Amino acid sequence: MPEFDLLMPQTLPEALEMLGDRAPDLTPLAGGTNVIVYMREDRHRYKMLMDLTRLNELHGVRREDGHLVLGSATTIAELLTDPLIAEHGALLRQAAAVFASPLVRNRATVGGNLVDASPAADTAPPLLVMNAEVELASQKGVRRVPMDEFMVGVNETLRQPEELLVSIRWPLPATRSAGGFSKIGLRKGAVCSVVSAAVMVEKDEDGLCQSARIALGAVATRPIRAYAAEEILVGQPLKPQIIDLAGQLSAETVKPIDDIRGSADYRRRMVEVLVRRLLSRAAQEIVPRE
Amino acid sequence: MQPKMITLTVNGRKHQVALNPDETLLNALRQLNYTDVKNGCEKGDCGACAVLLNGKAVNSCLVLAWQADGSEILTNAGLGTMDNPHPIQEAFADAGAAQCGYCTPGMIISAKALLDQNPHPSEEEIREAISGNLCRCTGYAQIITAIQIAAERIAASALVGSGQGGKQ
Ligand SMILES: Cc1cc2nc3c(=O)[nH]c(=O)nc-3n(C[C@H](O)[C@H](O)[C@H](O)COP(=O)(O)OP(=O)(O)OC[C@H]3O[C@@H](n4cnc5c(N)ncnc54)[C@H](O)[C@@H]3O)c2cc1C
Ligand code: FES
Ligand code: FES
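Everything numeric here is computed off the predicted structure, so don't read it as measured data.

A. Highlighting the sheet that holds strand S7 (residues 141-146) of chain A. All names here are of chain A. Reading across from one edge, S4-S5-S10-S6-S7 is the order of the 5 strands in this open sheet, with antiparallel pairing throughout. Of all the strands in the sheet, the pair left with one neighbour each is strand S4 (61-64) and S7. On average, each strand axis in the sheet is inclined to that of its neighbour by 25°, with strand direction left out of account. Bridging between strand S5 (residues 67-71) and strand S10 (residues 164-171) involves 5 bridges; their strand directions are antiparallel. Bridging across to S10, leucine 70 finds its partner in isoleucine 168.

B. View of the side chain of threonine 104 of chain B. By the element assignment, threonine 104 of chain B lies in helix H3 (residues 104-117). When sequence neighbours within four positions are dropped, the list of residues in contact with threonine 104 of chain B reads Phe92 and Ala98 of chain B.

C. The arrangement of the site of ligand 1 in detail. The environment of ligand 1 is made up of 32 residues, and the closest members are Pro28, Gly31, Thr33, Asn34 and Thr109 of chain A. Ligand 1 sits at a junction of chains, with neighbouring residues supplied by chains A and B. Serine 72 of chain A is positioned with one of its side-chain polar atoms (N or O) 3.4 Å from a nitrogen atom of ligand 1. Contacts to ligand 1 include lysine 183 of chain A, whose side-chain N or O atom sits 3.0 Å from an oxygen atom. The protein chains hide 91% of the 980 Å² of surface that ligand 1 would expose on its own. Per-element accounting of the shell around ligand 1 gives the leading share, 4 residues, to helix H7 (residues 110-116) of chain A. Residue composition of the shell around ligand 1, by class: 16 nonpolar, 10 polar and 6 charged.

D. A look at the packing of H3 of chain B against helix H5 (residues 141-161) of chain B. Residues and elements named next belong to chain B. For the pair H3 and H5, interaxial distance at closest approach is 11 Å and the crossing angle is 40°. Between H3 and H5, the interaxial angle falls into the category oblique. In this structure, H3 crosses over H5, and the sense of that crossing is right-handed. Contacts between H3 and H5 involve Met107, Ala111, Leu114 and Leu115 on the former and, on the latter, Ile143, Ile147, Ala150, Ala151 and Ile154. Residue composition of the contact of H3 with H5, by class: 9 nonpolar, no polar and no charged.

E. The interface of chain B and chain A, seen in detail. Between chain B and chain A, the contact holds 32 residues from the first and 31 residues from the second. Inspection of the chain B/chain A interface yields 3 salt bridges. For the interface between chain B and chain A, the tally reads 10 residue pairs in polar contact (both at pLDDT 80 or more). At the level of elements, strand S3 (50-53), strand S4 (56-59) and helix H4 (123-129) of chain B are the ones that each hand at least two residues to the side of chain B that touches chain A. Looking at the side of chain B that touches chain A, the element that brings in the most residues is S4 of chain B, giving 4 residues. Class assignment of the residues belonging to the side of chain B that touches chain A gives a composition of 14 nonpolar, 10 polar and 8 charged.

F. Just the domain arrangement of chain B, in detail. Residue and element names in this part refer to chain B. According to the domain assignment, chain B consists of domain 1 (4-78) and domain 2 (87-161). Relative placement of domain 1 and domain 2: their C-alpha centres are 22 Å apart. Where domain 1 abuts domain 2, roughly 1100 Å² becomes buried across the two surfaces, and 62% of that area is made up of carbon and sulfur atoms. On inspection of domain 1 and its partner domain 2, the count reaches 0 salt bridges. Our count for the domain 1 to domain 2 interface comes out at 5 residue pairs in polar contact (both at pLDDT 80 or more). Counting residues per element, the side of domain 1 that touches domain 2 draws most heavily on S3, which supplies 3 residues. For the side of domain 1 that touches domain 2, the class distribution of residues is 7 nonpolar, 5 polar and 3 charged.

G. Fine view of the domain arrangement of chain A. Domain assignment breaks chain A into domain 1 (5-51), domain 2 (59-171) and domain 3 (177-285). Using C-alpha coordinates to define each centre, domain 1 of chain A is positioned 35 Å away from domain 3 of chain A.

H. Molecular detail of the sheet that holds strand S1 (residues 4-10) of chain B. Residues and elements named next belong to chain B. Strands sit in the order S2-S1-S5-S3-S4 across an open sheet of 5 strands; the sheet is mixed. Looking at the sheet topology across the chains shown, the edges are occupied by strand S2 (13-19) and S4. Between one strand axis and the next, the sheet turns by 40° as a mean value, whatever way the strands run. In this sheet, strand S5 (residues 72-74) lies alongside S3 in antiparallel orientation, the contact comprising 2 bridges.

I. Quick look at the pattern of salt bridges. All names here are of chain A. In total, this model carries 19 salt bridges over all chains according to the counting rule given. Residue aspartate 25 is joined to lysine 47 by a salt bridge in which the shortest nitrogen-to-oxygen separation is 3.6 Å. On the criterion of sequence distance, the pair formed by aspartate 25 in the loop between helix H1 (12-22) and strand S2 (26-29) and lysine 47 in the loop between helix H2 (35-40) and strand S3 (48-51) is long-range, its members being 22 residues apart. Relative accessible area serves as the criterion here: at 34%, aspartate 25 is assigned to the partly exposed category. The shortest N-O distance in the salt bridge between aspartate 259 and arginine 267 comes to 3.1 Å. The network of salt bridges with shared partners includes Arg62, Glu64 and Arg169.

The rules we used
- Residues numbered from 1 in each chain as written.
- Chains lettered and ligands numbered in written order.
- Predicted model: local features only at pLDDT ≥ 70, side-chain atom pairs only at ≥ 80, totals over all residues.
- Heavy atoms only, no water.
- Pairing = 2+ DSSP bridges.
- Helix = DSSP H or I, 4+ residues; strand = E, 2+ residues; numbered from the N terminus.
- Axes fitted to C-alpha atoms, helices over the stretch in contact; angles between N-to-C directions.
- Contact = heavy atoms within 4.5 Å.
- Near = heavy atom within 4 Å.
- Polar contact = N/O pair within 3.5 Å; in protein donor to acceptor, adjacent residues only side chain to side chain.
- Areas by Shrake-Rupley, 256 points an atom, 1.4 Å probe, with all protein chains shown as cover.
- Nonpolar A, V, L, I, M, F, W, Y, C, P; charged D, E, K, R; others polar.
- Parallel < 35°, antiparallel > 145°, perpendicular 65-115°, else oblique.
- Left-handed = near helix turned anticlockwise from the far one by under 90°.
- Salt bridge = Lys/Arg side-chain N within 4 Å of Asp/Glu carboxyl O.
- Domains from an automatic or database assignment.
- Buried area = accessible area lost by both parts, 1.4 Å probe.
- Buried < 20%, exposed > 50% of the residue type's maximum accessible area, 1.4 Å probe, protein only.

Have a look at this one:
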């Protein structure tokens with residue numbers, strides 16, 4: 001592994017000062033499950049890393065004025081045991097359950113997954129359909145960016161070198177809403193997504209679709225929303241024909257590539273299948289009013 | 001790049017060592033002679049380097065030693081001895097779950113992490129728990145059997161311990 005220096009701040013203000021003084025030569029390090037692998041593969045060299053795992057400000061899950069707020073250093077394993085996530089972030093929990101291996105999950109963080117910005121990042125589709133925002137902090141202040149704007153391309157985000165991702169927040173899901181996450185890998189355990197999808201639908205009092213959100217992973221240069229498919233669902237009863245059409249429109253939205261994990265054509269077909277299955281399941285899950 | 005004094009408590013023994021910032025926990029442990037912790041891929045793929053870090057099973061190749069400063073580490077060797085093996089270690093031997101043995105310490109750590117949380121796992125749950133540990137020899141069947149045997153034996157000895165079993 002190439003040599004590097006390591007800074008070990010104990011508080012968030014201290015970390016932001018170090019980053020303010022040294023960015024872009026200083027790179028944040030959370031679980032290291034991307035950073036250390038990139039160094040081993042010689043994909044990246046880092047002059048200086050800054051450990052984030054000791055910053056209490058980046059840990060914990062809390063409710064705050066109608067939102068759930070998740071510290072960026074929350075690990076994938078913590079998503080599986082946190083009661084607030086079970087109640088208000090079920091989709092994120094589903095993604096955590098099929099994320100890497102239990103060993104990696106104990107280190108890998110949600111913040112690291114988003115800032116790494118792989119098109120296959122498994123926390124992204126759930127956060128996209130939950131209408132999440134990320135909160136970025138620097139010495140100059142704090143700003144919020146919607147999930148759909150944060151990732152801009154392969155390993156590229158709107159984060160500035162002097163900023164840290166401090167938290168992720170989303171509105172508590174409505175009562176008449178349901179959703180799901182699903183991924184296809186080359187085998188069952190410990191794999192990167194070949195295709196992934198998340199959906200979230202909300203019904204109105206008459207059982208018609210009030211809002212629908214669909215997000216897809218590993219089928220473009222970044223995780224994307226399928227807006228055209230979402231639009232045709234709104235105001236409709238969530239019946240098989242319209243769900244089939246939403247699946248087809250989702251497949252038309254994506255721009256997948258051929259790679260060692262799968263062909264573009266396979267990915268497009270699987271998008272259709274996953275979206276159809278997830279929508280049908282979610283539509284059935286929302287219990288109609290007595 | 002300057003070394004720093006780091007404190008690691010490994011299998012109950014406290015060590016103070018001067019380490020460079022680019023040293024991984026895996027290398028630090030092996031330098032301290034905890035060679036039961038194996039180096040397979042150094043990329044998080046194989047699980048041969050698994051240890052319990054403050055009670056959680058992790059790939060020690062993906063942790064920097066400085067990040068582990070002040071932590072408690074348990075390796076497979078810390079679970080039991082040849083004379084007094086841990087029930088998981090004994091079950092691995094009895095079931096023929098170790099052939100070349102390279103994956104075994106990491107497998108046992110993942111099994112320990114599972115049984116600590118879930119004393120009666122299903123086969124599916126066992127497969128999931130060892131999904132970050134690769135084995136090139138056994139085909140996994142004996143490993144899964146070993147973990148099932150270990151779970152039964154631990155449950156049985158707990159019954160004996162609490163006076164509900166056939167203790168005489
Ligand atoms: C064997 C293996 C299997 C994997 N499987 C999956 C999988 O199934 N699904 C999946 O999505 N990913 C997978 N990954 C990739 C990786 O585990 C995830 O992307 C993980 O969430 C990264 O988090 P981390 O804390 O380890 O990030 P790090 O490696 O510490 O950092 C990743 C990037 O984020 C930056 N960063 C981290 N935290 C912050 C912050 N708070 N503010 C600003 N920048 C920050 C770092 O500078 C770096 O650029 C796998 C990796 C391995 C090794
Ligand atoms: S050596 Fe750590 S996972 Fe392979
Ligand atoms: S026994 Fe040889 S790798 Fe598992």
